[in-house]
Protein chains: 2
Amino acid sequence: MELTSKASTDAAPPQTRGDLSRERLVAMAMEAFAAKGFHGCTTRDIALAADMSPAAMYVHYQSKEELLFLISREGHEATLRQVREGLASASDPVAQLTAMVRGFVHDHAEGHVRARVTNFELANLSPEHYRVVMAMRREVEETFCAVVEAGVRSGVFSTDDVRMTVRALLSLGIDTARWFRDGGRSSAGEVAEHYVGLALRMVGV
Amino acid sequence: MELTSKASTDAAPPQTRGDLSRERLVAMAMEAFAAKGFHGCTTRDIALAADMSPAAMYVHYQSKEELLFLISREGHEATLRQVREGLASASDPVAQLTAMVRGFVHDHAEGHVRARVTNFELANLSPEHYRVVMAMRREVEETFCAVVEAGVRSGVFSTDDVRMTVRALLSLGIDTARWFRDGGRSSAGEVAEHYVGLALRMVGV
């Protein structure tokens, strides 16, 4: 019923059974990779967690690596989209960096399960898939560098090594995915707000 | 010859063949865990890399987890020793934090192989070994918190959340182990010096 009414308003195609199976497999793979690491679980584990036989799983995905790449690509696409939006949301570097750090940290905290897979399992991608993901990571880093450089030029930021400072800013978000747990001392939003303050101090505001 | 002369000067017991075998196994396990993850390599891989049969390896270590614990415990002991030394090296919080961050970042960069294992494989320790390691991690965090709190009290530091700021300071070092590579753009010492500057800004100096 809900699917039909959605389809009639925005013309999105209804989800097929195959779509739902694929979604479930990706979700189960993400949980398994985050909990046990890519090599810590088998395709069989993932299939069974999704209530499927390994043979049924191979109809949808050819390998564990294909699942890892899908998760990794989606995660990086989401990050890249958000960084671009942060950049476009303002014209001054302070507001741009604020939006970019807020989004980056928030998503690495709230989406810590996916972020652990996307950041800590890169070495298990095929060389071809690794290149695709690294191109997105480079664009994220270059966008942060461009904003910090613009701030230094206009005199609102100061740092004697833009790239190393950006590396540190990104570390704040990435490492959050390692330690953040739901229901812990601080919410994703609280961590993001505190880290925005730290980030602005790091660039000398 | 060197072993004998060393033994005659400082009375350290000479290394036995068993000591050398154990050292080699730990070194090979560390490389393997860092490169492929704990679940990505077998005890057989580790034994063969150390020019030993799996059976000969079991004379020295009962399991892969025992090797992981040894590496993890040594790594955390070294970090804890260094943090305590940094604390003892001065009496004012700025100098203490400077020494602690410099040592912490430097060792996570220079010792990035070991640091990846000690920080990213915690979930693969047995519950008992996990508790031992976590007690050391807590002492590291508490020591940083004590220094930042002392600085806030004396008015040289400012932060509205000591613990979250310390979490971020530690992230700078821990995440360095993820991205740092030998022969890259910056040396471990250069990263450590730059990060000391960022850390002092983060606490409002």
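Nothing here was measured: the structure is a model prediction, and the numbers come from that model.

Engineer: Mind showing me how you'd approach the relation of the copies chain B and chain A here?
Structural biologist: There are two copies of the chain, and a rotation about an axis plus a shift along that axis relates them. Least-squares fitting of chain B to chain A yields an RMSD of 0.0 Å, with the superposition described by an axial translation of 0.0 Å and a rotation of 180 degrees. The transformation relating the two chain copies, once decomposed into turn and shift, fits a two-fold axis. Looking at chain B, 100% of its interface residues are interface residues in chain A too, so the copies touch through the same face.

Engineer: Explanation requested: unusual backbone geometry in the structure shown.
Structural biologist: If you check the backbone angles, A:Asp51 has positive phi at about 55 degrees while not being a glycine. For A:Asp51, the location among the structural elements is in the loop between helix H3 (43–49) and helix H4 (54–60).

Engineer: Even after reading the chapter, I still don't get the pattern of salt bridges, so can you show me in this structure?
Structural biologist: Side-chain pairs of opposite charge can arise whenever the charged atoms involved come near each other. Residue and element names in this part refer to chain A. Applying the stated rule across the entire model yields 16 salt bridges over all chains. The partner of Glu141 in a salt bridge is Arg167, and the shortest N-O contact between them spans 3.5 Å. Linking Glu141 in helix H8 (residues 127–153) with Arg167 in helix H9 (residues 162–179), this pair joins segments that are 26 residues apart in sequence. By relative accessible area, which is 13% here, Glu141 ends up buried. Here Glu142 and Arg163 are joined by a salt bridge, their closest N and O atoms 3.0 Å apart.

Engineer: Explanation requested: the packing of helix H6 (residues 93–110) of chain B against helix H8 (residues 127–153) of chain B in the structure shown.
Structural biologist: Each pair of packed helices can be described by the angle between their axes along with the distance between the axes. All names here are of chain B. For the pair H6 and H8, the least separation of the axes is 9 Å and the interaxial angle reads 150 degrees. Comparing their axes, H8 and H6 come out roughly antiparallel. Once H6 is placed against H8, the crossing between them reads as left-handed. The segment H6 lies against H8, with Pro93, Gln96, Leu97, Met100, Val101 and Phe104 engaging Val140, Thr143, Phe144, Val147, Val148, Ala150 and Gly151. Its residues placed into classes, the contact of H6 with H8 shows ten nonpolar, three polar and no charged.

Engineer: Please explain the interface of chain B and chain A as it appears in this structure.
Structural biologist: Interface size, as often reported, equals the accessible area lost upon joining of the parts. On the chain A side, the residues contacting the 32 residues of chain B number 32 residues. Of the roughly 2,700 Å² buried where chain B meets chain A, counting both sides, 58% is carbon and sulfur surface. On the chain B side of the contact with chain A, B:Met164, B:His194 and B:Arg201 bury the most area, a combined 23% of that side's loss. For the pair chain B and chain A, the interface holds two salt bridges. With its nearest N and O atoms 2.9 Å apart, the salt bridge here joins A:Arg185 to B:Asp161. One can count eleven residue pairs in polar contact (both at pLDDT 80 or more) joining chain B with chain A.

Engineer: What's the story with helix H7 (residues 112–120) of chain A in this structure? I'm lost.
Structural biologist: It helps to recall that an α-helix has 3.6 residues per turn; residues three or four apart then point in one direction. In terms of burial, H7(A) is a largely internal element, seven of the nine residues being buried. Considered for burial, the residues of H7(A) that qualify are A:His112, A:Val113, A:Ala115, A:Arg116, A:Val117, A:Thr118 and A:Asn119. Buried positions along H7(A) lie against helix H2 (17–36), helix H5 (64–88), helix H6 (93–110), H8 and H9 of chain A together with helix H9 (162–179) of chain B.

Calculation rules
- Residues numbered from 1 in each chain as written.
- Chains lettered and ligands numbered in written order.
- Predicted model: local features only at pLDDT ≥ 70, side-chain atom pairs only at ≥ 80, totals over all residues.
- Heavy atoms only, no water.
- Least-squares fit on C-alpha atoms with pLDDT ≥ 70 in both.
- Contact = heavy atoms within 4.5 Å.
- Helix = DSSP H or I, 4+ residues; strand = E, 2+ residues; numbered from the N terminus.
- Salt bridge = Lys/Arg side-chain N within 4 Å of Asp/Glu carboxyl O.
- Buried < 20%, exposed > 50% of the residue type's maximum accessible area, 1.4 Å probe, protein only.
- Axes fitted to C-alpha atoms, helices over the stretch in contact; angles between N-to-C directions.
- Parallel < 35°, antiparallel > 145°, perpendicular 65-115°, else oblique.
- Left-handed = near helix turned anticlockwise from the far one by under 90°.
- Nonpolar A, V, L, I, M, F, W, Y, C, P; charged D, E, K, R; others polar.
- Buried area = accessible area lost by both parts, 1.4 Å probe.
- Polar contact = N/O pair within 3.5 Å; in protein donor to acceptor, adjacent residues only side chain to side chain.

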